[in-house]
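Single-letter residue listing:
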Amino acid sequence: MEGHLRAAAESPCRVQRTERIFPLNAPTGVTITKLSIVDATVARFGPCAAVWFYNRTEKANANDPVVFERLEEALRRTLNDYPHYSGQLLWAPKELVEGAAKTYHYGRPIVIYGAPEDPGVELVIAEDNRELSALVPSREERSTVKQVWNATEFPQNDFLSKTQLAFSKLGEFEGLPGVSIQLTAFKCGGFAIGAKFTHCLSDALCLMQFAHVWAGYSQLLFGGSVTEKRSPPVFNPSLLDQYANLTTKGPDPELIRKARALPMHRYDWWATDAPGYPDWPTASSNATKPPPEELAHIELSPSTFPPWPTWDLTAPIEHVQIRFKAEAIAKMKRAVEMTLPECLKGQRISRLDAALAHIFILMNRARQYDNDHDEVYIDAALGLRNRVSPPLPDTFVGSPMMIGYVAMTGSEATTATIGLVAGLIREMTSRFTPDAVTAYLHDAAYEVCPQRFWQAFVGSRHMLVTSWIRAGAYEVDFCATRQLARYVQGIMPRMDGLVQVIDVGETGDFDISVGLEKETCQRFIQDHMLKAYGI
């Protein structure tokens, strides 16, 4: 204990104040809201989080306490639009879920807000005695001398609250916040804003929408004017659930068949007999699993063993950020169009498809799968707002996402053309039509417990991708400076095979985050093919 206290005292980032905050205008009564079917499926995911870094400007010197006072006031105003973020997450009791549609209640999250015992949003004010320039390169450096930046030593967690969030362990939620915010002032007067959400409350797009709303209120306090009028957030999870076509007849076999034909993993967290099963998932699994006496009489849906032996949790992981300029992405896309197989010619390839294909080929080259005949996977997170008909607005609050996959052998993935891989990515995503999403929602609603399945995996045979493009991450302007952020870090855990893509303002550039086992990462960085299309 003494060693921990000494380490905390020596940390360059020190907490000055911690409190729980609430909407400026308190809700007039208690509200209980069931989160959506899909929110329930992502409850086991790690937090959705990001950190924005800003240079000191004439309007914003973080060594002046007024800067954080304004940000805090604007945050309280923002919570007027998101009152449930101050509320209590918990698992729904049976009577609140089971009804005419004959669904189970296990692992169905609800949020209660407007009550005196609401946990609030955690707000942390911190000071860091380092210069911002010692921590993250400038945008100019990232576009020139540090386009490939080994960010392994970047201390991303220093700028996020250490407080445990509700559902970070599925059985722990009472009194815990679902959202935490940390404001960190640096020696130079620059500052960081870190936001962390329990994933069933927010996906990446929702997080960015929240940040833009907060920034809008903040700009007014810094003497600016809001130039872009944003639609108000829509927190109504039932709008998504209505697409599941639930009826009093129970599960529809045809919809179930369609759902299970989709390219989605059904890795079973409950399969303790899977080869290489570790002990750590058991406690969370048990928190939302039916009791043994009931489970013995339930026929579980089909599943597969997670490939635990392919994920070495003890392996050192390196994190690299690669800034591909718009010209390089355009060259990738042209290369895709030139090498697209005849059978995939009808696919409309995006810039993202091309970039992910390039990274996937490089990753499998670095993993040395030239003569490997087992399957490797791209697991890609897919947003659902625009995949239902009629679509949900971008301002729909929650975590409406699912994960689809592309599979090929290791040897194919190292030698394939960029056109083939990009075409397969687009072919996979095009399968998730409104009808397919309805089938998926229907199937998920009738699962015994939504947290039983993991639709992805990490480790040496998977590339798990999340895209934050077109979400305006760099354009979040809290202090009315009309400038882009110095740097935005979408927070991903240090795990083998994690990839994240952010676009940099209107430059057309992509900043791609890659996590790989240490030696594999070194081969990845040194591969001459990394810069085959420029960088």
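Small disclaimer: the values here were computed from a predicted structure and weren't measured. What you see as residue numbers is a count from 1 along each chain, following the sequence as written. Totals for whole chains, interfaces and linings use every residue, but because this is a predicted model, local features are given only for residues with pLDDT of at least 70 and side-chain atom pairs only at 80 or more, for both listing and counting. Heavy atoms throughout the structure, all of them, feed into the side-chain values; hydrogens and water do not.

Colleague: What is the right way to look at the sheet that holds strand β5 (residues 109-113) in this model?
Modeller: Picture the strands of a sheet paired through backbone hydrogen bonds; they go either parallel or antiparallel. Each pair of strands is called paired provided DSSP finds at least two bridges between the two strands. Only DSSP runs of H or I covering at least 4 residues are called helices, and only runs of E covering at least 2 are called strands; the numbering of each starts at the N terminus. The three strands are arranged β2-β5-β4 in an open sheet whose pairing can be described as antiparallel. Of all the strands in the sheet, just β2 (31-34) and β4 (88-91) have a single pairing partner and so form its edges. Along the sheet, successive strands turn relative to each other by an average axial angle of 25 degrees, direction set aside. As paired strands, β4 and β5 are joined by four bridges and run antiparallel to one another. Across the sheet, Leu 89 pairs through a bridge with Val 111, a residue of β5. Interaxial angles span 0 to 180 degrees and are taken between N-to-C directions of axes, which are lines fitted to C-alpha atoms, for helices over the stretch in contact.

Colleague: Could you clarify how one ought to interpret the pattern of salt bridges in this entry?
Modeller: Whenever a carboxyl oxygen of Asp or Glu lies within 4 Å of a side-chain nitrogen of Lys or Arg, that contact is scored as a salt bridge. Applying the stated criterion to the full structure yields 22 salt bridges. One salt bridge connects Arg 77 with Glu 73, and the closest N-O pair in it is separated by 2.6 Å. One end of the pair, Arg 77, and the other, Glu 73, are both in helix α3 (residues 65-81), four residues apart, so they sit about a helical turn from each other. The exposure class assigned to Arg 77 is partly exposed, which follows from its relative accessible area of 24%. Judged by relative accessible area, which is 33%, Glu 73 ranks as partly exposed. Connected via shared salt-bridge partners are Arg 260, Arg 266, Asp 268, Asp 443, Glu 447 and Arg 452. Throughout this description, buried means an accessible area under 20% of the type-specific maximum (1.4 Å probe, protein chains only), exposed means over 50%, and partly exposed covers the range between.

Colleague: I tried to follow the packing of aromatic side chains on my own but got confused; where do I start?
Modeller: The description of an aromatic ring pair uses the distance of the two centres, along with the angle that the planes make with each other. The rule is short: rings of Phe, Tyr and Trp, with Trp giving its six-membered ring, pair when the centres are within 6.5 Å, and they are stacked under 30 degrees, edge-to-face over 60, tilted in between. Throughout the structure, instances matching the rule amount to 34 aromatic pairs. Pairing Tyr 82 with Tyr 85 gives two aromatic rings, centres 5.2 Å apart and planes at 10 degrees, and the pair type is stacked. For the residue pair Tyr 82 and Tyr 85, the accessibility class agrees, reading buried in each case. Ring geometry for Trp 311 versus Phe 457: centroids 5.6 Å apart, planes at 85 degrees, classification edge-to-face. Taken together, the positions of Trp 311 in the loop between α10 (292-295) and β11 (317-324) and Phe 457 in the loop between β14 (453-454) and β15 (462-467) put the pair 146 residues apart, joining distant regions of the chain. Overall, the relative accessible area of 10% leaves Trp 311 in the buried class. Since its relative accessible area comes to 0%, Phe 457 is described here as buried. Put simply, the rings of Tyr 54, Phe 68, Tyr 82, Tyr 85, Phe 191, Phe 197, Phe 210, Trp 214 and Phe 478 pair up and form one aromatic cluster. Positioned above the aromatic ring of Trp 269, the side-chain terminus of Arg 44 is 4.1 Å from the ring centre. Distance and angle both matter: a charge sits over a ring if NZ of Lys or CZ of Arg is within 6 Å of the ring centre and within 35 degrees of the ring normal. Above the ring of Phe 222, the side-chain terminus of Arg 70 is found at 4.9 Å from the ring centroid.

Colleague: Teacher, can you tell me more about a nonpolar patch on the surface here?
Modeller: On the surface, a cluster of nonpolar side chains totalling about 260 Å² of accessible area is made up of Val 30, Ile 32 and Leu 96. Here Ile 32 lies in strand β2. Surface patches are drawn from residues lacking salt bridges whose relative accessible area is over 30%; two like charges belong together within 9 Å, two nonpolar side chains (Val, Leu, Ile, Met, Phe, Trp, Tyr) within 5 Å. Methods summary: accessible areas were calculated by the Shrake-Rupley approach with a probe of 1.4 Å, and residue burial reflects only the protein chains presented.

Colleague: Looking at this model, I keep getting lost on helix α8 (residues 253-260). Mind explaining?
Modeller: Each α-helix turn comprises 3.6 residues. Residues three or four places apart therefore point the same way. Residues Leu 255, Ile 256 and Ala 259 constitute the buried set of α8. Considered in projection along α8, the buried side chains sweep an arc of 100 degrees and stay on one side of the axis. Only heavy atoms matter for contacts: two residues are in contact if any of them lie within 4.5 Å across the pair. For α8, the elements touching its buried residues are α15 (434-445). The opening residue of α8 is Asp 252, an N-cap whose side-chain oxygen sits 2.9 Å from the backbone nitrogen of Glu 254. Directions are taken from the helix axis to each C-beta atom, and the arc is the one they span. Identification of polar contacts relies on pairs of N or O atoms within 3.5 Å, with a donor-acceptor requirement for protein atoms, meaning one able to donate a hydrogen and the other able to accept it, and with residues adjacent in sequence counted only if both atoms are side-chain atoms.

Colleague: For this particular structure, what's the right way to read the nonpolar core?
Modeller: Note that soluble globular proteins tend to have their nonpolar side chains buried in a common cluster. The definition of a nonpolar core used throughout is a set of buried Ala, Val, Leu, Ile, Met, Phe, Trp, Tyr and Cys residues joined through side-chain atoms within 4.5 Å. In this structure, Trp 52, Phe 53, Tyr 85, Ile 181 and Trp 214 are the most contacted members of the largest nonpolar core, which totals 105 residues. At nine residues, the largest contribution of residues to this core is made by helix α6 (residues 204-221). Setting aside anything within four residues of it in sequence, one finds Tyr 85 in contact with Leu 79, Gly 120, Val 121, Val 179, Phe 197, Leu 201, Ser 202, Cys 206, Phe 210 and Val 397. The next biggest cluster of nonpolar side chains, apart from the first, holds 69 residues, and it includes Met 363, Met 408, Met 428 and Leu 530.

Colleague: Can you walk me through the packing of helix α12 (residues 351-366) against helix α14 (residues 418-430) in this structure?
Modeller: Working note: a packed helix pair is described by the angle between its axes plus the distance between those axes. At their nearest, the axes of α12 and α14 sit 8 Å apart, and the two run at 120 degrees to each other. Classified by the angle between their axes, α12 and α14 sit oblique to one another. α14 is crossed by α12, and the crossing has right-handed handedness. Note on element contacts: α14 touches α12 through Ile 418, Val 421, Ala 422, Ile 425 and Arg 426, opposite Asp 353, Ala 354, Leu 356, Ala 357, His 358, Phe 360 and Ile 361. Angles are sorted into four bins: roughly parallel if under 35 degrees, roughly antiparallel if over 145, roughly perpendicular if 65 to 115, and oblique for all others. If you view the pair so one helix is near and one far, a crossing is left-handed when the near helix is turned anticlockwise from the far one by less than a right angle, and right-handed when it is turned clockwise.

Colleague: Explanation requested: the side chain of Gln 489 in the structure shown.
Modeller: As for its position among the elements, Gln 489 is in strand β16 (residues 487-490). At a separation of 3.4 Å, a polar atom in the side chain of Gln 489 contacts the side chain of Gln 321. Here the side chain of Gln 489 touches Tyr 487 through a polar contact of 2.6 Å, side chain to side chain. The residues contacting Gln 489, other than those within four sequence positions of it, are Ala 49, Ala 50, Val 51, Phe 154, Gln 156, His 319 and Gln 321.

Colleague: Would you take a moment to explain the packing of α8 against α15 for this structure?
Modeller: Taken N-terminus to C-terminus, the directions of α8 and α15 make an angle of 105 degrees; their axes are 8 Å apart at the nearest point. Comparing their axes, α15 and α8 come out roughly perpendicular. Between α8 and α15, the residues in contact are Leu 255, Ile 256, Lys 258, Ala 259 and Arg 260 and Ala 439, Tyr 440, His 442 and Asp 443, respectively. As a working rule, the residues Ala, Val, Leu, Ile, Met, Phe, Trp, Tyr, Cys and Pro are called nonpolar, Asp, Glu, Lys and Arg charged, and the rest polar, with Gly in that last group. Looking at the contact of α8 with α15 residue by residue, the classes come out as five nonpolar, one polar and three charged.

Colleague: Whenever I open this one, unusual backbone geometry confuses me. Can you help?
Modeller: For residues other than glycine, phi is negative in most cases, and the peptide bonds are mostly trans. Omega for the peptide link from Ser 389 to Pro 390 comes to -5 degrees, which places this bond in the cis form. Checked against the element boundaries, Pro 390 lands in the loop between β12 (375-383) and β13 (401-409). If you check the backbone angles, Asn 245 has positive phi at about 55 degrees while not being a glycine. By secondary structure assignment, the location of Asn 245 is in the loop between α7 (238-241) and α8. Residue Asn 245 is classed as partly exposed on the basis of its relative accessible area, which comes to 45%. Even without glycine at this site, Gln 368 takes up a positive phi of about 60 degrees. For Gln 368, the position within the fold is in the loop between α12 and β12.

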